[in-house]
Amino acid sequence: SYMGVTGLLALTAAPALLYTADAFAWERFVAPSPQVFAALTANALFGCTLANYFYNSALLLLSPLVANICLSLSIPLSALIDEFVLGQHRFSAAWMVGASTVAAAV
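The structure reproduced in this document is the subject of the present report.

Conventions used here
Residues numbered from 1 in each chain as written. Predicted model: local features only at pLDDT ≥ 70, side-chain atom pairs only at ≥ 80, totals over all residues. Heavy atoms only, no water. Helix = DSSP H or I, 4+ residues; strand = E, 2+ residues; numbered from the N terminus. Rg over C-alpha atoms; globule rule 2.2 N^0.38 Å. Buried < 20%, exposed > 50% of the residue type's maximum accessible area, 1.4 Å probe, protein only. Contact = heavy atoms within 4.5 Å. Areas by Shrake-Rupley, 256 points an atom, 1.4 Å probe, with all protein chains shown as cover. Expected span 1.5 Å × (residues − 1). Bend = angle between axes of the 7 residues up to and from the residue. Phe/Tyr/Trp six-rings, centres within 6.5 Å; stacked < 30°, edge-to-face > 60°. Polar contact = N/O pair within 3.5 Å; in protein donor to acceptor, adjacent residues only side chain to side chain. Axes fitted to C-alpha atoms, helices over the stretch in contact; angles between N-to-C directions. Parallel < 35°, antiparallel > 145°, perpendicular 65-115°, else oblique. Left-handed = near helix turned anticlockwise from the far one by under 90°. Nonpolar A, V, L, I, M, F, W, Y, C, P; charged D, E, K, R; others polar. 1 Å grid on protein atoms, 1.4 Å probe; cavity = no way out; pocket = protein on both sides within 12 Å on 5 of 7 lines; lining within 4 Å. Points joined across faces, edges and corners; volume = space filled by probe spheres on them.

### Description of the overall build of the chain
Turning to step 1, where the next piece is worked out: A count of helical and extended segments in the chain gives four helices and zero strands.
Turning to step 2, where the next piece is worked out: Helices and strands appear in the chain in the N-to-C order α-α-α-α.
Turning to step 3, where the next piece is worked out: What you see for the chain is a C-alpha radius of gyration of 19 Å, clearly larger than the 13 Å of a compact globule of 106 residues, by over 25%.
Turning to step 4, where the next piece is worked out: In terms of its C-alpha atoms, the chain occupies a principal-axis envelope of roughly 45 × 35 × 25 Å.
Turning to step 5, where the next piece is worked out: Split into buried and exposed, the 106 residues of the chain put 8% on the buried side.
Turning to step 6, where the next piece is worked out: Sequence-distant contacts in the chain: of pairs separated by 6 or more residues, those separated by 24 or more amount to 32%.
Turning to step 7, where the next piece is worked out: With an accessible surface of roughly 8500 Å², the chain has 74% of that area assigned to carbon and sulfur atoms.

### A few points about helix α3 (residues 64–86)
Turning to step 1, where the next piece is worked out: Taking 1.5 Å per residue as the helical rise, α3 with its 23 residues ought to reach 33 Å, and the 31 Å between its terminal C-alpha atoms agrees with that figure.
Turning to step 2, where the next piece is worked out: For α3, the principal kink sits at S74 and spans about 35°; a proline, P76, occurs within the next four residues.
Turning to step 3, where the next piece is worked out: Of all the positions in α3, only A67, P76, A79, D82 and E83 are classed as buried.
Turning to step 4, where the next piece is worked out: Looking at the buried positions of α3, the neighbouring elements they touch are α2 (34–61) and α4 (93–105).

### Here's the deal with the packing of aromatic side chains
Turning to step 1, where the next piece is worked out: For the structure on display, the rule yields three aromatic pairs.
Turning to step 2, where the next piece is worked out: Note on F24 and W26: the rings are 5.1 Å apart at their centroids and 20° apart in plane angle, and the pair reads as stacked.
Turning to step 3, where the next piece is worked out: Owing to a relative accessible area of 56%, F24 belongs among the exposed residues under this scheme.
Turning to step 4, where the next piece is worked out: Exposure remark for W26: the relative accessible area of 62% places this residue in the exposed category.

### Digging into the side chain of D82
Turning to step 1, where the next piece is worked out: For D82, the location among the structural elements is in helix α3.
Turning to step 2, where the next piece is worked out: Separated by 2.5 Å, the side chains of D82 and H89 make a polar contact.

### Some remarks on the packing of α3 against α4
Turning to step 1, where the next piece is worked out: It is the contact of α3 with α4, at a shortest axis distance of 9 Å, that shows an interaxial angle of 140°. The angle between the axes of α3 and α4 places the two elements in the oblique class. Judged by the twist between their axes, the crossing of α3 over α4 is left-handed. Only W95, M96, A99, V102 and A103 of α4 make contact with α3, whose side of the interface consists of S72, L73, I75, P76, A79, L80, E83 and F84.
Turning to step 2, where the next piece is worked out: Looking at the contact of α3 with α4 residue by residue, the class counts come to eleven nonpolar, one polar and one charged.

### Some points on the layout of surface pockets
Turning to step 1, where the next piece is worked out: Volume-wise, the largest pocket comes out at about 360 Å³.
Turning to step 2, where the next piece is worked out: Around the largest pocket, the lining residues are L18, A21, D22, E27, R28, F29, V30, P32, F37, L40, T41 and A44.
Turning to step 3, where the next piece is worked out: At the level of secondary structure, the elements contributing two or more residues to the lining of the largest pocket comprise α1 (2–23) and α2.
Turning to step 4, where the next piece is worked out: A per-class count over the lining of the largest pocket returns eight nonpolar, one polar and three charged.

By themselves, these are just geometric observations and shouldn't be taken as functional.
Quick look at the structure:
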């Protein structure tokens, strides 16, 4: 399946890229602490794997156009909910104009 090929590509390409970056001193590799490793694992499972699974399921169930429109609207809508409903953040007027432009373009 598509998800399996994506995961296989990541498992084979990532170590080679990380080793190359470390060998040429572009990026120094330091092993993460157990707490950081647990947080990275949780993020990989919930933040990446589930998000990719749901997106790929939406692509199969809907047309790619509808799935990408919904994905494009997710950031402006979540920011609006965050500011006006939850009241946790304040966004500048320029950011709101940009988000409105993205929403109007979709």
